[in-house]
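Report on the structure
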Amino acid sequence: MVGGSSDALSSSGSAIVDAANDARSYALHRERHLRAALGTYRFFVYAGAPYDAMSSDLQLPGYNSTYVGFPGVGIEPSKPLFAEYTAPVWVHRALLSDSSRTLNPDEADLFFVPLYLAISESQPSHTARLTAWLSALQQSPHFQRRTGADHIIAPQVISPQVAATSGLAQVRKLLELGFTGAFEVNNAWTAGWSWNRTIVMPYVANPFLTPIEAANASMLEYVGRKRNISIYYVASLRDMSVGLSGCNRAKLRDLESYPNAYIRVAKRSHHLMPQDEYASGVRNGTFCPLTCGDTPTSRRTFDAFAAGCVPIIVGRRLFGLCEPPCRNKGWFKVVGPSFPHLPFSALWMNWSVFPMIDEKELYDQNSSQGVRDLFHDIVIGFGGEDSALRARAYMYAQLRSMIYGWGDYRTSTAFGDASRRMMEAALLRLRRVDVEALPTSKPTIDRDH
């Protein structure tokens, strides 16, 4: 279970309920305004031979349950699948079950076209399948009506290599007026898709953090369960990013002697740990630093959400700001504050409620003690465990928006709301709704509440 038993609550039940009510009130306040802007809407999901061949007809592998780390650039049906490759399947299956789906394309406001691009590339006849998919879509009268401006795909490729070899550039050329769901706002990941037409999506959380039984984890379990690790951080070094992006994960090794912390920064990803062991650790973490690597964000952000480990955001790259020591090069490009790298920012999620640490100040520390003191000051300044509880209450209120689903991606019907949020974010952009003008506030996360 993501939560754990109520016997191990770290705070009183009344304090947890108060925190949860505050967070829920904020979330509902924001959602009411978004719902008013969206109104009643319908979307249509393409189906039929060319589209099924690139999606539901493909062989869907099982998970890789061995190690946390980068999955490489290709997959084979006979080998286990890494969680990130399941996102297009989760999105497709969730939208097929969504109450806003219509079977009549003439009444649709938005059109979803299924496309399991990376999975298809790993199987025979990918080029022929993709060619047929492109031809069918181009000839669709509903595509031709607005040249695809009201269409959206969610291929969510996991690396620039996959983007380059799987045919994403051909898809983008046809659908350049439409939308794409993507893990990263970055030309290398999206084959040059317009940033204004790119909907940033969550990475898929570690499957050990989203078993089917966790779909019904209670607020008390998620928010109030006692956690034994003060700061939890496990990552591969990604040493090439030091020169290319100015991102230095090795600096967090200085936290190894921080009281009750668990820190592991491995030279290579295969030197990390089994995924179930990693999941157990993040579940027991109170705070989880979010650092850059190859890109401003990573799956670690959404593992923290799934487990209720409060993020400490290192630097402002995730908000689209490249400030020293950040370097804007190639794959590592930060694209600007108008296009933050955090999913549903300024829509359902207010990422500014979480503690932040200045990246330059962190890297400028010339001793391990300096790094420990810096994090100690951030944790204490945030409000310690009391504010961590309130932050977890807010995370719980927003959890479904960060999760695609619980259980086996091939069969589970325990869907989160990430797929629906993607459609709604696209629709708000299509209608040119000024979301910045919508009323907002922050949930109260401070020690004096």
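I will try to describe carefully the structure that is included in this document. None of the values given here were measured: they were computed from a predicted structure.

Notes on the overall build of the chain
If you tally the helices and strands in the chain, you get 17 helices and 12 strands. Out of the 449 residues belonging to the chain, those deemed buried represent 59%. Taken as a whole, the chain presents about 17,100 Å² of accessible surface, with 50% of it coming from carbon and sulfur.

With respect to the pairing of strand S9 (residues 310-314)
Of all 5 residues in S9, 5 are buried; the element is thus mostly enclosed. Here S9 shows a buried face lined by Val-310, Ile-312 and Val-314 and a second buried face lined by Pro-311 and Ile-313. Two elements, strand S8 (residues 285-290) and S9, share 4 bridges in a ladder whose sense is parallel. In the strand pairing of S9, Pro-289 is matched with Ile-312.

Overview of the sheet that holds S8
Taking strand neighbours across the sheet as the criterion, the 5 strands line up as S7-S6-S8-S9-S10 in an open arrangement whose pairing is parallel. Each end of this open sheet is capped by a strand with a single partner; those strands are strand S7 (262-266) and strand S10 (356-357). Relative to the sheet, helix H13 (residues 300-307) contacts strand S6 (229-236) and S8, its axis offset from that of S8 by approximately 160 degrees.

Quick look at unusual backbone geometry
The linkage connecting Pro-324 with the following residue, Pro-325, adopts the cis geometry, with an omega of 15 degrees. Note that Pro-325 resides in the loop between S9 and S10. Residues other than glycine seldom take positive phi values, yet Thr-147 does so here, at roughly 50 degrees. Looking at the secondary structure, you find Thr-147 in the loop between helix H6 (141-146) and strand S3 (151-153). On the basis of relative accessibility, which here comes to 44%, the residue Thr-147 falls in the partly exposed class. Its identity is not glycine, yet Gln-156 carries a phi of approximately 40 degrees, on the positive side. For Gln-156, the position within the fold is in the loop between S3 and helix H7 (160-165). A residue is classified by how much of its surface remains accessible, and Gln-156, at 3% relative accessible area, is buried.

Focus on the pairing of S8
The buried fraction of S8 is high, at 6 of 6 residues. Sheet topology note: the S6/S8 ladder contains 2 bridges and is parallel. Following the sheet pairing, Ile-231 is matched in S8 by Phe-287.

So, the environment of Ser-368
Mapping Ser-368 onto the fold places it in helix H15 (residues 368-382). Ser-368 sits in the partly exposed class, given a relative accessible area of 30%. Here the alpha-carbon distance between Ser-368 and Leu-255, two residues 113 residues apart in the chain, equals 7.1 Å.

Section: the state of the cysteines
Overall, the coordinates contain 3 disulfides when judged by the stated rule. The connectivity of the disulfides in the chain is 1-3, 2-4, 5-6, where the numbers refer to bonded cysteines in sequence order.

Topic: the packing of helix H12 (residues 275-283) against H13
For the pair H12 and H13, interaxial distance at closest approach is 9 Å and the crossing angle is 65 degrees. Along this stretch, H12 crosses H13, giving a crossing that reads as right-handed. Contacts from Tyr-278, Val-282 and Arg-283 in H12 reach Arg-300, Asp-303, Ala-304 and Ala-307 in H13. Its residues assigned to classes, the contact of H12 with H13 comprises 4 nonpolar, no polar and 3 charged.

What to know about the packing of helix H3 (residues 87-96) against helix H17 (residues 418-430)
At a minimum axis distance of 8 Å, the contact between H3 and H17 shows a crossing angle of 80 degrees. In terms of their interaxial angle, H3 and H17 are classed as roughly perpendicular. Of H17, the residues touching H3 (which contributes Trp-90, Val-91, Ala-94 and Leu-95) are Ser-419, Arg-420, Met-422 and Met-423. Its residues assigned to classes, the contact of H3 with H17 shows 6 nonpolar, 1 polar and 1 charged.

Observations regarding the environment of Val-204
You can see Val-204 is positioned in the loop between strand S5 (198-200) and helix H10 (219-224). For the pair Val-204 and Tyr-85, spaced 119 residues apart in sequence, the C-alpha separation works out to 8.3 Å. With residues up to four places along the chain from it excluded, the contact list for Val-204 reads Ala-83, Glu-84, Thr-86, Ala-87, Phe-183, Arg-299 and Tyr-404.

Reading the values: the criteria
Residues numbered from 1 in each chain as written. Predicted model: local features only at pLDDT ≥ 70, side-chain atom pairs only at ≥ 80, totals over all residues. Heavy atoms only, no water. Helix = DSSP H or I, 4+ residues; strand = E, 2+ residues; numbered from the N terminus. Buried < 20%, exposed > 50% of the residue type's maximum accessible area, 1.4 Å probe, protein only. Areas by Shrake-Rupley, 256 points an atom, 1.4 Å probe, with all protein chains shown as cover. Pairing = 2+ DSSP bridges. Contact = heavy atoms within 4.5 Å. Axes fitted to C-alpha atoms, helices over the stretch in contact; angles between N-to-C directions. Disulfide = S-S within 2.5 Å. Left-handed = near helix turned anticlockwise from the far one by under 90°. Nonpolar A, V, L, I, M, F, W, Y, C, P; charged D, E, K, R; others polar. Parallel < 35°, antiparallel > 145°, perpendicular 65-115°, else oblique.

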